[in-house]
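Below, each chain spelled out in residue letters.
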Amino acid sequence: MKKTLLIASLMLTAGVQAQVVDSGFEAWTGGEPDGWVGSKTHTSNLVYSQVTEDVHGGTSAVGLATTGADHRRFTTQPVTVEANVEYTVTFWVRGGGQVRVGLFDERPSGSGYAPYSGWTTATATWAQVSQTVTAVQSSTAAEFIFSVQSATEPNIIVIDDVNISSTGGLQELSIYDIQFTSAPDGASTHAEEIVSTSGIVTATYVTLDDAGEPEYRYTYIQDGTGAWNGIVVFDYADNNNTSNIGDAVTVVATVAEFNGLTELTGIQSFTVTATGQTVPAPVVTETGDVASEPFESVLVRVEEAACTLVPSGATFGKWNVSDGTGDAIIGKVLYTVTPAPVLGQVFDITGVVSFAFSEYNIQPRFAADVETTVGVNEIGVLNTVNVFPNPATDNITLTLGAAAGQRVEYTLTDALGRSVIAGVVRDERIALNVQSLNNGVYHLTLRTAEFVRTLQVQVVR
């Protein structure tokens, strides 16, 4: 006779597979299979019953019937799972409808649920299915889930011989480890693997659907400066895995290749571990080198680059610049330059490198990322302005030089383009208190009636 066993706690040892559930649905009490019908089982539009004909093994199996269009959950009683451990759920299924596997482990995101596996469509004959799910939080109240849909009488889902075992620890990889590849197509060597990685948010944005509602969320993260150190996290906006530039995050997700883009998707866990962190400095590169796999999703900067193609309807609002080494395309996903650039205008541009439709774009994040490069005559008296110390800890001293006595407006903006300090000065010097500011790079913009100049300053502690 088959056995039904749910292990309430387990110790994991290296290289040893630990069994969590071994159930053949042989024992039933009060019309319910022993070890099942946990607290996350749906109590409406789901009927579970003991099946004794055409079972896979032993004398009985469980039949699951649904009503309505939504999926229904059928779960184990609480078991213990360990954080960052992958579990394999193997079972036999027949009948009609679809089934997939999930896990409730009390994780802080996703209302405590892991993302589901893909759907399996049942057929009239028994088939063995094996799916994996990763726990991202240790829990003694975890429940493994069979999610079923379209299982209407008489073609219900029938499940038998369930085995759930831990299959190993979660891979903790750097972004560089995920991204670096010598493959001609740029595919990650870790594609289709579930990994844990950490980084600092360098950019984030949400796209809207046709009705103007939030649809997808893109979060760019880096764990260092330079090639291969950036990756984009793709998520659904309604998952509310929100973050800001400068947040430190840890992500558990699947490495995926989407039309040539390496991304993290199927988010298991998205955790903000710290805020106000220093954003990795953009890597300065030539415009002709931007369109390359190493800079995918990396924060870069091009300098002294002249506009060679202006934005238009034909370019979908994008425009080109070149420093003489070849064109780089400037996108408008995060920020649209106003007024529009003109041919020959020279810029220093910072942004994350996106990849879509077989094209690399630099995506400026806000106004401070697009600086117009001007000569000494064009900045006039502001050419003699000096800012020190830089980096600064407590105060930034601004000396006006030849601009002393004139009305000079100053604005200090943060990495999000927000004004954090602003005012007017006429004296030869002024001290700006930055003790309350977070670590990071800021832009100090100075304006007179005739001239404008922007300087980059850094706050560190």
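Residues numbered from 1 in each chain as written. Predicted model: local features only at pLDDT ≥ 70, side-chain atom pairs only at ≥ 80, totals over all residues. Heavy atoms only, no water.

1. Thoughts on the overall build of the protein
Line of reasoning, step 1. Check the secondary structure of the protein and you find two helices and 34 strands.
Line of reasoning, step 2. In terms of overall size, the protein is more extended than a compact globule, its C-alpha atoms giving a radius of gyration of 28 Å where 461 residues would be expected to give roughly 23 Å.
Line of reasoning, step 3. Oriented by its inertia axes, the alpha-carbon framework of the protein measures out at about 95 × 45 × 40 Å.
Line of reasoning, step 4. When each of the 461 residues of the protein is scored for burial, the buried share is 49%.
Line of reasoning, step 5. Taking contacts inside the protein between residues at least 6 apart in sequence as the whole, the part at least 24 apart equals 65%.
Line of reasoning, step 6. When the accessible surface of the protein is summed, it comes to about 20,400 Å², and 49% of that surface belongs to carbon and sulfur atoms.
Line of reasoning, step 7. Counting 20 positive and 49 negative side-chain charges, the protein places the averaged centre of each group 8 Å from the other. (Helix = DSSP H or I, 4+ residues; strand = E, 2+ residues; numbered from the N terminus. Rg over C-alpha atoms; globule rule 2.2 N^0.38 Å. Buried < 20%, exposed > 50% of the residue type's maximum accessible area, 1.4 Å probe, protein only. Contact = heavy atoms within 4.5 Å. Areas by Shrake-Rupley, 256 points an atom, 1.4 Å probe, with all protein chains shown as cover. Lys, Arg positive; Asp, Glu negative; His and termini not counted. Charge placed at Lys NZ, Arg CZ, Asp CG, Glu CD.)

2. Details of the sheet that holds strand β28 (residues 386-388)
Strands belonging to one sheet form pairs held by backbone hydrogen bonds; the direction of such a pair is parallel or antiparallel.
Line of reasoning, step 1. Spatial strand order, β28-β29-β32: three strands in an open sheet with antiparallel pairing. Of all the strands in the sheet, just β28 and β32 (429-433) have a single pairing partner and so form its edges. Across the sheet, the mean angle separating the axes of adjacent strands is 20° when strand polarity is ignored.
Line of reasoning, step 2. For β28 and strand β29 (residues 395-399), the ladder comprises three bridges, and the chain directions are antiparallel. If you follow Phe388 over to β29, its bridge partner there is Thr397. (Pairing = 2+ DSSP bridges. Axes fitted to C-alpha atoms, helices over the stretch in contact; angles between N-to-C directions.)

3. What to know about the nonpolar core
Line of reasoning, step 1. One finds Phe74, Tyr87, Phe91, Phe144, Phe146, Ile157 and Ile159 to be the most contacted residues of the largest nonpolar core, which totals 34 residues.
Line of reasoning, step 2. No other element matches the five residues that strand β9 (residues 85-95) contributes to this core.
Line of reasoning, step 3. Within the second largest apolar cluster, 33 residues are counted, among which are Ile245, Val300, Ala305 and Ala368. (Core = buried A, V, L, I, M, F, W, Y, C linked by side-chain atoms within 4.5 Å.)

4. Topic: unusual backbone geometry
Line of reasoning, step 1. In this structure, Pro339 follows Thr338 across a cis peptide bond, with omega equal to -5°.
Line of reasoning, step 2. The residue after Phe388, namely Pro389, is reached through a cis peptide bond having omega -15°.
Line of reasoning, step 3. Here Pro389 shows up in the loop between β28 and β29.
Line of reasoning, step 4. Here the phi dihedral of Phe357 falls at roughly 55°; this positive angle occurs in a residue that is not glycine.

5. A short note on empty space enclosed by the protein
It is a probe the size of a water molecule, rolled over the atoms, that shows where empty space is left.
Line of reasoning, step 1. Inspection of the entire model under this criterion finds one cavity of 30 Å³ or more.
Line of reasoning, step 2. One number sums up the size of the largest cavity: a volume of about 30 Å³.
Line of reasoning, step 3. At the level of elements, β17 (214-222) and β18 (230-236) are the ones that each hand at least two residues to the lining of the largest cavity.
Line of reasoning, step 4. Split by residue class, the lining of the largest cavity holds two nonpolar, two polar and two charged. (1 Å grid on protein atoms, 1.4 Å probe; cavity = no way out; pocket = protein on both sides within 12 Å on 5 of 7 lines; lining within 4 Å. Points joined across faces, edges and corners; volume = space filled by probe spheres on them. Nonpolar A, V, L, I, M, F, W, Y, C, P; charged D, E, K, R; others polar.)

6. A closer look at the pattern of salt bridges
Line of reasoning, step 1. Enumeration over the complete set of coordinates arrives at nine salt bridges.
Line of reasoning, step 2. Between Arg301 and Glu371 there is a salt bridge; the shortest N-O distance is 3.1 Å. Highlighted residues: Arg301 in strand β22 (residues 299-309) and Glu371 in strand β27 (residues 370-372), separated in sequence by 70 residues.
Line of reasoning, step 3. For Arg301, a relative accessible area of 11% gives the class buried.
Line of reasoning, step 4. Of the residues examined, Glu371 reaches a relative accessible area of 15% and is grouped as buried.
Line of reasoning, step 5. One salt bridge in this structure joins Asp369 and Arg365, with 2.8 Å as the shortest N-O distance. (Salt bridge = Lys/Arg side-chain N within 4 Å of Asp/Glu carboxyl O.)

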